[in-house]
Amino acid sequence: MIFMAYHRRGNKGRKKSNRQVQGDEVIRVPLPRGGQIFGVIEQALGSGWMDVRCEDGRIRRCRIPGKLKRRMWMRVGDLVIVQPWSVQSDERGDIVYRYTRTQVDWLLRRGKVSRDFLSGADVLL
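Residues numbered from 1 in each chain as written. Predicted model: local features only at pLDDT ≥ 70, side-chain atom pairs only at ≥ 80, totals over all residues. Heavy atoms only, no water.

A.B. asks: Even after reading the chapter, I still don't get the state of the cysteines, so can you show me in this structure?
C.D. replies: Here, disulfide denotes a covalent bond that connects the sulfur atoms of two cysteines. Following the criterion strictly, the structure yields 0 disulfides and no others. Cysteine C54 is unpaired, with the sulfur of C62 as its nearest cysteine sulfur at 5.4 Å. On the accessibility criterion, C62 (0% relative accessible area) is buried. (Disulfide = S-S within 2.5 Å. Buried < 20%, exposed > 50% of the residue type's maximum accessible area, 1.4 Å probe, protein only.)

The following block contains the structure:
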């Protein structure tokens, strides 16, 4: 009888954890880091491009990378993380992550995002 050794191959096939720790609080929602900012999708332009109103008050034309385009649908009003481009940082960017409804509620409760920003009321002022 021949037995083959079973070898586990690292994290291959297992889900990555989104946990971060700040003080005593465990954060399970990805937050913008580096040069990334929050944004709300204003208009879908087609071919993977969206107009996104960002937290800094600018409206950027952002593209959805192929990895996200195939995996996740984006709609007008969704809260996203935007990575501005290094060349045209005031005009263009990439959408890095889209938040679900429960994640948006968590961000609102923790004060990471304001309700005015989500509704677009801060633009009207």
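Here the narrative resumes.
A.B. asks: Mind showing me how you'd approach the nonpolar core here?
C.D. replies: Where a protein is soluble and globular, its nonpolar side chains tend to be buried together. Counting 14 residues, the largest nonpolar core has F38, L79, Y99, L107, V113 and F117 as the members making the most contacts within it. Those elements that place two or more of their residues in this core are β3 (37-46), β6 (79-84) and α2 (101-110). Among the elements that line this core, the one with the most residues is α2, at 4 residues. (Core = buried A, V, L, I, M, F, W, Y, C linked by side-chain atoms within 4.5 Å. Helix = DSSP H or I, 4+ residues; strand = E, 2+ residues; numbered from the N terminus.)

A.B. asks: Could you clarify how one ought to interpret the pattern of salt bridges in this entry?
C.D. replies: Two side chains carrying opposite charge are able to pair once their charged atoms lie near each other. In the structure shown here, the tally under the stated rule is 6 salt bridges. A salt bridge links D56 to R60; the nearest nitrogen and oxygen atoms lie 3.0 Å apart. A residue is classified by how much of its surface remains accessible, and D56, at 42% relative accessible area, is partly exposed. Judged by its relative accessible area of 3%, R60 falls in the buried class. Put simply, D94 and R63 hold a salt bridge, and the shortest N to O gap is 2.9 Å. Linking D94 in strand β7 (residues 92-98) with R63 in strand β5 (residues 59-63), this pair joins segments that are 31 residues apart in sequence. (Salt bridge = Lys/Arg side-chain N within 4 Å of Asp/Glu carboxyl O.)

A.B. asks: Would you explain the sheet that holds β3 in this entry?
C.D. replies: Within a sheet, adjacent strands bond to each other through the backbone by hydrogen bonds, running parallel or antiparallel. What the 5 strands build is a closed barrel, ordered β3-β4-β5-β7-β6; its pairing is mixed. For this sheet, the mean angle separating the axes of adjacent strands, direction not counted, is 55°. The sheet contact formed by β6 and β7 spans 5 bridges and is antiparallel. Counted as the bridge partner of V82 is I95 from β7. (Pairing = 2+ DSSP bridges. Axes fitted to C-alpha atoms, helices over the stretch in contact; angles between N-to-C directions.)

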